[in-house]
2 protein chains.
Amino acid sequence: MVKNTRKKQLHVSTLQDVARDAKVSTATVSRCLNSPNQVAEATRTRVMEAVSKLEYTPNFGAKAMAENRTFTIGAIIPTMENAVFARGLQAFQDTLHKRGYTLLVASSSYSSDLEQEQMRTLISRGVDGLLLIGHDRHASALQYLEKRNIPTLVTWAYEPAAALPSIGFDNYAAMQSLADRVFQLGHKNIGMISAQIKSNDRARARVLAVQDMMTNNGLDKAHLKLIETEYDIEKGAIAFETLIKNSDPPTMIFCGNDVLAVGAIRSAHKLGLNVPKDVSITGFDDIELAKIVIPELTTVHVPHQEMGNKAAVALVDMVENKSSPLLKPLEAIVKFRNSLAAV
Amino acid sequence: MVKNTRKKQLHVSTLQDVARDAKVSTATVSRCLNSPNQVAEATRTRVMEAVSKLEYTPNFGAKAMAENRTFTIGAIIPTMENAVFARGLQAFQDTLHKRGYTLLVASSSYSSDLEQEQMRTLISRGVDGLLLIGHDRHASALQYLEKRNIPTLVTWAYEPAAALPSIGFDNYAAMQSLADRVFQLGHKNIGMISAQIKSNDRARARVLAVQDMMTNNGLDKAHLKLIETEYDIEKGAIAFETLIKNSDPPTMIFCGNDVLAVGAIRSAHKLGLNVPKDVSITGFDDIELAKIVIPELTTVHVPHQEMGNKAAVALVDMVENKSSPLLKPLEAIVKFRNSLAAV
DNA sequence: GAATTAAATGTAAAAGCTTACATTTTGTTG
DNA sequence: CAACAAAATGTAAGCTTTTACATTTAATTC
C-alpha cells in the first residue's frame, strides 16, 4: 500500500474531527455551516459547539475545489501610488467585504503587458471575478477572459459599446465641459500636460476632448502644446516650465490629473508667475491636494468612492447571477475654483 | 452508484486532459510543471505542447489542497485612504509579485475588532503569511495566530520586545528628536493634534514622546493641549481652531500626521495667522502634501517604500524558511522645513 | 553482454470539502 | 395506528493536484 508520510506541522481540525466530536456525519456538519436551516436545532447546537471547541475553520483549498469558487475578487489597478486609485480600491474592498468577498490586488504600472500577466496570475489564483481599469488592452487579453469565462468589470471609464461592461464616468464628456468653459473664457493659446497616452484610454479621452474643443471652435488642434509625462508632481513642474518658456507661451494649461497640475502651479509660483492672472491651470481627479494648493485648483471631480462601491456591487452581481450590469455613467462634475480665469 | 450531476458551464482542461493528450501519466505532467529537470527532454516538450494547446492552468483549489499552501499573502491595513499606507502597500505588493506571491488586502478601519475579524477571514482564505500594522491588538488575536501557526509580520512600528516581529521605524524616537528640537527653539506652550489613540500604538508613541520631552525639560505634561480627532484635513482644521482660540493659545502644535497638519495650516491661514511666526506646526509622515503646502511642512519622513519592500522580503522569508527576520529599525528622519520656527 | 546504477515514468493514495441520492426518523392524517 | 409525507441524517463519489513508492527504461562498468 502506498503511504503518504508527509507530516503536518500542527493539527488543524477538519470536518471529520468535528463530525466525530458531535457524533454526526460530515455531511451534517457541512450543512450546519452552509445551510443551517436544513438541520434540526438540537443537532445544530451540538455541532456548533464542536466547531468552536475544536476551533474549526474550513480548509480553503478543499472548499474551493468542491464548490468551484473562491469568494475572491481580483483587481488590477495601475498603481496605488495614485491616491485616487487607492481610494477607489478602498471603497471597492469595503463593499466586497460586506458581501463576503475578499480582494486580491495586483498592479499593472500602466502597462498592458504587465496587466495581462497579472490577469493570468489572478485567474490562476482562482478569482471569481475581475476588476480592471479602463478599456485599453490587447484583444488577446479579452479572448483569454472570454475563454476562461471570468466575469470582468471595467471601471474608471464608461463606454457602453466596449467589449467589457464598465461602471464609471465619461472622461471625454467631463473634459469637454471643462474645455468648453475654457474657450468661453477666451483662451486660444492652449497647453496641455497629460499622463502617458499609450495604453491609457482615460488620458487619451481627456486629450481628445481638448483637441475636439479646439477644432469645433475654429482653432487648429495641431497648435495644442502637448507634453506627456509621468504621474509625479516634479514631472508636472518640469513640463510646465517647458511650456511656459516657449516663445509663445500658452495662457491656459490643461493638466491630465491633479498631481501634474499641482506641480505646474508650484512651478509657476517659483517662476514668479501668478495663477490664474498670468496663466490658468486646471487639473483632473479632485484629490485633496486640489483644495490645499493656492490658488485652489479648478478640476474635474471623479466620484472614486461611488465608483468603487458600485463596481463591487455590480461585479458581485455578475459573479452570482451571471447578469450583466445595467450601464449608466456616473457623473464627473467640473469644480470651478480659482486656478482658472478669463484670459 | 452515486452520480454527480453538477454541470460544468464550460470545460477547463485538467491535468488528466494534458496527460491523455501527451500520452503520459498525470504524475509526469505535474513534474513537467513543478520540477521540469526530472523529466526527459523529449517527453517534456511533448507535454508542454499539450499544455499550451489545451491552455491548461492548474486548478488553484486542488493545488492549494495538495501542497497545503497558496502563495498568497494577506495584509490588513487601517485604510488605503491614507496615502502613506497605500504607497507602502504598493511597494509591498511589487516585491511580493517578484517573489511569486499575490496579495490579499483587507482593512481594519483602525479597529482591533475588525482587524481580528479580517485576520480570521484572510486565514480562512488560506494565506501563507500575514502583514499587520502596529503592535496594538488583543491577546486573543495573538493566540489565534500562534495556534494557526501563521507567519505574521508587523510593520509601521518597531519594537523588538513585542510578541510579533516588526519591520519599521521607532515612532517614539522619531517624534522625540523632533520634540527635542522644538524645545530647543524655546516652545513651552505646546499643543498637539493626534489621531485617535485607542488601539493605535503609533499615535500613542508619538504623543508619549512629546509628553516625555515636556517632563524631561521641567514642563508639566498635563499642560499639553491635546486633541484627538480623525484622519481628515477638515478635522485637523477644526482641532487647530479649538486649540488656537484657547485663552492661552500654544505657540507650537505637533500634529500626529501630515493630513492633520495641513488642515491646521489651512485653518491658520483662514484665521489670518502666520505660520510659523504666530504659531509653529509640524506633521508626521512626509507625504507629498507636506512639500506643497505653504509654508512647507516640518515633518518626520516615514520610509514607506523601503518598509513595504523589506516587509515583503522578510515575510516571504518567514514563510519559506520558517525563519524569524533580523530586527533592525528603519530610519525615520525629521525633515526640517518652514513651518517650524523659534518662539 | 551481464550486472549494476541511475534516470524516467507510472500507480494510486491522500488532501478536506460538498452534495446527489439513499436511508432513517419524525410528524401528520384519516 | 397504518399509511404516507416530510424532515433529518447518512453514505460515498467527485473535485484536481502532488508525491511516495514501484516499476520500467536507459546508461555505465567490468
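Computed from a prediction, not measured in an experiment: that's the story for all the values here. (Residues numbered from 1 in each chain as written. Chains lettered and ligands numbered in written order. Predicted model: local features only at pLDDT ≥ 70, side-chain atom pairs only at ≥ 80, totals over all residues. Heavy atoms only, no water.)

As for the overall build of chain A
We count it as follows: Numbered from the N terminus, helices here are DSSP runs of H or I no shorter than four residues, and strands are runs of E no shorter than two. Computation of the radius of gyration draws on C-alpha atoms alone. For the globule rule, the value is 2.2 Å times the number of residues to the power 0.38. The buried label applies to any residue whose accessible area, calculated with a 1.4 Å probe on protein chains only, is under 20% of its type's maximum; exposed applies above 50%, and partly exposed to all values in between. Here, two residues are considered to be in contact whenever any of their heavy atoms come within 4.5 Å of each other. Only the protein chains shown count as cover for residues, with accessible areas throughout obtained via the Shrake-Rupley method and a probe of 1.4 Å. By the counting scheme adopted, Arg and Lys are positive, Glu and Asp are negative, and His together with the chain ends is not counted. Charge placement uses NZ in Lys and CZ in Arg. For Asp and Glu, CG and CD serve respectively.
Summing up its helical and strand segments, chain A has 13 helices and 11 strands in all. Expected size for 343 residues packed as a compact globule is a radius of gyration near 20 Å; at 26 Å, chain A overshoots this value by more than 25%. Considered along the principal axes of its C-alpha atoms, chain A spans approximately 85 × 40 × 40 Å. The 343 residues of chain A split such that 55% are buried. Excluding contacts between residues fewer than 6 apart, the proportion of contacts in chain A whose partners are at least 24 apart in sequence is 69%. Roughly 15200 Å² of accessible area belongs to chain A as shown, and the carbon and sulfur atoms make up 51% of that amount. Here chain A carries 39 positive and 36 negative side-chain charges, and the mean point of each set is 8 Å from the other.

Considerations on the interface of chain B and chain A
For the record, the criterion: Here the quantity called buried area is the total loss of accessible area, with a 1.4 Å probe, experienced by two parts when brought into contact, counted for both. Salt bridges are counted wherever a side-chain nitrogen of Lys or Arg sits within 4 Å of a carboxyl oxygen of Asp or Glu. We call two N or O atoms a polar contact when they sit within 3.5 Å, provided that within protein one can donate a hydrogen and the other can accept it, with sequence-adjacent residues counted only if both atoms are side-chain atoms. Side-chain classes follow a simple rule in which Ala, Val, Leu, Ile, Met, Phe, Trp, Tyr, Cys and Pro form the nonpolar group, Asp, Glu, Lys and Arg form the charged group, and the remainder, Gly included, forms the polar group.
Across the contact, 61 residues belong to chain B and 61 residues belong to chain A. Summed over both partners, the interface of chain B with chain A buries about 5100 Å², with 54% contributed by carbon and sulfur atoms. Between the two partners, chain B and chain A, sit 6 salt bridges. Ionic pairing is found between K147 of chain B and E55 of chain A, a salt bridge with its closest N-O pair at 3.3 Å. The tally of links from chain B across to chain A stands at 25 residue pairs in polar contact (both at pLDDT 80 or more). The biggest single contributor to the side of chain B that touches chain A is helix α5 (residues 83–98) of chain B, with 7 residues. For the side of chain B that touches chain A, the class distribution of residues is 26 nonpolar, 20 polar and 15 charged.

Points about the packing of α5 of chain B against helix α13 (residues 304–321) of chain B
Each packed pair of helices is defined by two parameters, the angle between the axes and the distance between the axes. All names here are of chain B. Rules: To obtain an axis, a line is fitted to C-alpha atoms, over the contacting stretch when the element is a helix, and the angle between two such axes runs from 0 to 180 degrees between their N-to-C directions. Note on angle classes: values under 35 degrees are labelled roughly parallel, values over 145 roughly antiparallel, values of 65 to 115 roughly perpendicular, and the remainder oblique. The sense of a crossing depends on the near helix, which, turned anticlockwise from the far helix by less than a right angle, makes the crossing left-handed and, turned clockwise, makes it right-handed.
Remark: α5 packs on α13, axes separated minimally by 7 Å, with the N-to-C direction vectors making an angle of 40°. For the element pair α5 / α13, the angle class is oblique. Viewed along their axes, α5 and α13 form a crossing whose handedness is right-handed. Here α5 contributes V84, R87, G88, A91, F92, T95 and L96 to the contact with α13, which in turn contributes H304, Q305, G308, N309, A311, A312, V313, L315 and V316. Among the residues forming the contact of α5 with α13, the class breakdown is 9 nonpolar, 6 polar and 1 charged.

Observations regarding the environment of G100 of chain B
As for its placement among the helices and strands, G100 of chain B is situated in the loop between α5 and β2 (102–107). Here G100 of chain B falls in the partly exposed class, since its relative accessible area comes to 36%. When the C-alpha positions of G100 of chain B and F71 of chain B are compared, they lie 7.1 Å apart, and in sequence the two are 29 residues distant. The residues contacting G100 of chain B, other than those within four sequence positions of it, are R125 of chain A together with F71 of chain B.

Quick word on the relation of the copies chain B and chain A
Spelled out, the test is: Copies overlap after least-squares fitting; the atoms used are the C-alpha atoms of residues with pLDDT of at least 70 in both.
If you rotate chain B by 180° and push it 0.1 Å along the axis, it lands on chain A with an RMSD of 0.2 Å. Put plainly, the chains are arranged around a two-fold axis. Mapped onto chain A, 100% of the interface residues of chain B again fall at the interface, so both copies present the same surface.

Describing the sheet that holds β2 of chain B
For the record, the criterion: Should DSSP find at least two bridges between two strands, the strands are regarded as paired.
Taken together, the 10 strands give an open sheet; going across it, the order is β5(A)-β4(A)-β3(A)-β1(A)-β2(A)-β2(B)-β1(B)-β3(B)-β4(B)-β5(B), and neighbouring strands pair in mixed fashion. Strands at the two margins of the open sheet, each flanked by one partner only, are β5 (166–167) of chain A together with β5 (166–167) of chain B. On the sheet, helix α13 (residues 304–321) of chain A packs against β1 (72–77), β3 (129–133), β4 (152–155) and β5 of chain A and is oriented at approximately 165° with respect to β4 of chain A.

Observations concerning the confidence of the model for chain A
To be explicit about the condition: Residue-level confidence of the predictor is what pLDDT reports, using numbers from 0 through 100.
For chain A, per-residue confidence averages 93 on the pLDDT scale, and residues scoring 70 or more make up 97% of the total. Every residue in residues 1–9 of chain A scores below 50 in pLDDT, and together they form 4 contacts with partners more than four places removed in sequence or on other chains.

Description of the pairing of β4 of chain A
All names here are of chain A. Residues of β4 alternate between two faces, with T152 and V154 on one and L153 and T155 on the opposite face, all of them buried. Two elements, β3 and β4, share 4 bridges in a ladder whose sense is parallel. Bridge pairing links I133 to T155 in β4. One ladder, built from 2 bridges, connects β4 with β5; its direction is parallel. Note on β5: the bridge partner recorded for T155 is I167.

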